[in-house]
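Take a look at the letters that make up each chain.
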Amino acid sequence: MEIHVLSAYQTTAEEFFDKILGWKTDLVLDIRLRNTNQLAGFTKQEDLEYFTHVIAHADYAHDVEYSPSKTLLDDYLDHGLPYQEYFARYAKEMEERKAIPAFFQKYGKYRSVAIVGTATDKRRSHAEELQRLLEAAEAKR
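Residues numbered from 1 in each chain as written. Predicted model: local features only at pLDDT ≥ 70, side-chain atom pairs only at ≥ 80, totals over all residues. Heavy atoms only, no water.

**Student:** Can you help me understand the overall build of the chain in this one?
**Tutor:** A tally of helices and strands in the chain yields six helices and four strands. Going residue by residue from the N terminus, the α and β elements of the chain occur as β-α-β-α-β-α-α-α-β-α. By the compact-globule yardstick of 14 Å for 141 residues, the chain fits well, its C-alpha radius of gyration being 14 Å. By principal-axis analysis of the C-alpha atoms, the chain measures approximately 40 × 35 × 20 Å. Sequence-distant contacts in the chain: of pairs separated by 6 or more residues, those separated by 24 or more amount to 76%. Only carbon and sulfur atoms are counted for the fraction: they give 50% of the accessible area of the chain, which is about 7,700 Å². For the chain, the separation between the mean place of its 19 positive charges and that of its 24 negative charges on side chains is 3 Å. (Helix = DSSP H or I, 4+ residues; strand = E, 2+ residues; numbered from the N terminus. Rg over C-alpha atoms; globule rule 2.2 N^0.38 Å. Contact = heavy atoms within 4.5 Å. Areas by Shrake-Rupley, 256 points an atom, 1.4 Å probe, with all protein chains shown as cover. Lys, Arg positive; Asp, Glu negative; His and termini not counted. Charge placed at Lys NZ, Arg CZ, Asp CG, Glu CD.)

Laid out in structure tokens, this is it:
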């Protein structure tokens, strides 16, 4: 399985879908906790699901099991938690939820997964840490 990460922010629809098509993605996995407001633009949940099917002919899933808890996300976005600590606490949440083994049970049939996160020029995304955790787990399988 190939695991890719892309951000829903600071990108155009053309750039976003060119990546998905280039990776031959068969699953777009949206792990954003907040993906329904107008600020999400073309990546708002209902729109992204539609565009994913029509443009990329891929499946779409919104799965908050892989989102940080609201408290952790607020600590990072609103209270200045350094991303190294954010990633460490996120990894602990994934371990407590047993989310990594569950990922392969839920999504193991896919060949190329594009994980949608929230990175910007000023902040990193939990999607990066999820990719690292998944690749480490897959290497052990």
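**Student:** What is the right way to look at the pattern of salt bridges in this model?
**Tutor:** Note on pairing: side chains with opposite charge can pair once their charged atoms come close. Summed over all chains, the structure comprises 10 salt bridges. Asp75 is the partner of Arg89 in a salt bridge, and the nearest nitrogen-oxygen pair spans 3.0 Å. Pair noted here: Arg89 is in helix α4 (residues 83-97) and Asp75 is in helix α3 (residues 70-78), with a separation of 14 residues, a long-range link. (Salt bridge = Lys/Arg side-chain N within 4 Å of Asp/Glu carboxyl O.)

**Student:** Would you take a moment to explain the packing of α4 against helix α6 (residues 126-140) for this structure?
**Tutor:** Each pair of packed helices can be described by the angle between their axes along with the distance between the axes. Look at α4 against α6: their axes get within 10 Å of each other, and the N-to-C directions meet at 55°. One finds that α4 runs oblique with respect to α6. Once α4 is placed against α6, the crossing between them reads as right-handed. Here α4 contributes Tyr86, Phe87, Tyr90, Ala91 and Met94 to the contact with α6, which in turn contributes His126, Glu128, Glu129, Leu130 and Leu133. The class makeup of the residues in the contact of α4 with α6 is seven nonpolar, one polar and two charged. (Axes fitted to C-alpha atoms, helices over the stretch in contact; angles between N-to-C directions. Parallel < 35°, antiparallel > 145°, perpendicular 65-115°, else oblique. Left-handed = near helix turned anticlockwise from the far one by under 90°. Nonpolar A, V, L, I, M, F, W, Y, C, P; charged D, E, K, R; others polar.)

**Student:** Where do I start with the sheet that holds strand β2 (residues 27-30) in this structure?
**Tutor:** Two strands in a sheet stick together by hydrogen bonds in their backbones, pointing the same way (parallel) or opposite ways (antiparallel). An order of β1-β4-β2-β3 is seen for the four strands of this open sheet, with the pairing classed as parallel. Two strands bound the open sheet, and with one partner strand each, they are β1 (2-7) and β3 (59-62). Across the sheet, the mean angle separating the axes of adjacent strands is 20° when strand polarity is ignored. Bridge analysis of β1 against strand β4 (residues 112-117) gives six bridges, and the strand direction is parallel. Looking across to β4, one finds that Leu6 is bridged to Val116. Along the sheet, helix α1 (residues 13-22) contacts β1, β2 and β4; its crossing angle with β1, the most-contacted strand, is approximately 180°. (Pairing = 2+ DSSP bridges.)

**Student:** Any chance you could explain the side chain of Thr25 here in plain terms?
**Tutor:** Its place among the elements puts Thr25 in the loop between α1 and β2. Overall, the relative accessible area of 6% leaves Thr25 in the buried class. Beyond its immediate chain neighbours, meaning those up to four positions away, Thr25 contacts Ile20, Ala56, Ala58, Ser112, Val113 and Ala114. (Buried < 20%, exposed > 50% of the residue type's maximum accessible area, 1.4 Å probe, protein only.)

**Student:** Help me understand the packing of aromatic side chains in this model?
**Tutor:** Any aromatic ring pair is given by two values, namely how distant the centres are and how the planes are angled relative to each other. Per the counting criterion, the structure on display carries nine aromatic pairs. Relative to Phe104, the ring of Phe103 lies with its centre 5.3 Å away and its plane at 85°, an arrangement referred to as edge-to-face. Assessed through its relative accessible area of 10%, Phe104 is described here as buried. Note on Phe103 and Tyr107: the rings are 5.3 Å apart at their centroids and 55° apart in plane angle, and the pair reads as tilted. Taken as a pair, Phe103 and Tyr107 lie in helix α5 (residues 99-107) at a separation of four residues, close to a single helical turn. For Tyr107, a relative accessible area of 9% gives the class buried. (Phe/Tyr/Trp six-rings, centres within 6.5 Å; stacked < 30°, edge-to-face > 60°.)

**Student:** Would you mind going over the environment of Arg111 with me for this structure?
**Tutor:** Looking at where Arg111 falls in the secondary structure, it is placed in the loop between α5 and β4. The residues contacting Arg111, other than those within four sequence positions of it, are Met1, Glu2, Trp23, Lys24 and Asp26. A polar contact of 2.8 Å, which involves the side chain of Arg111, links it to the backbone oxygen of Lys24. (Polar contact = N/O pair within 3.5 Å; in protein donor to acceptor, adjacent residues only side chain to side chain.)

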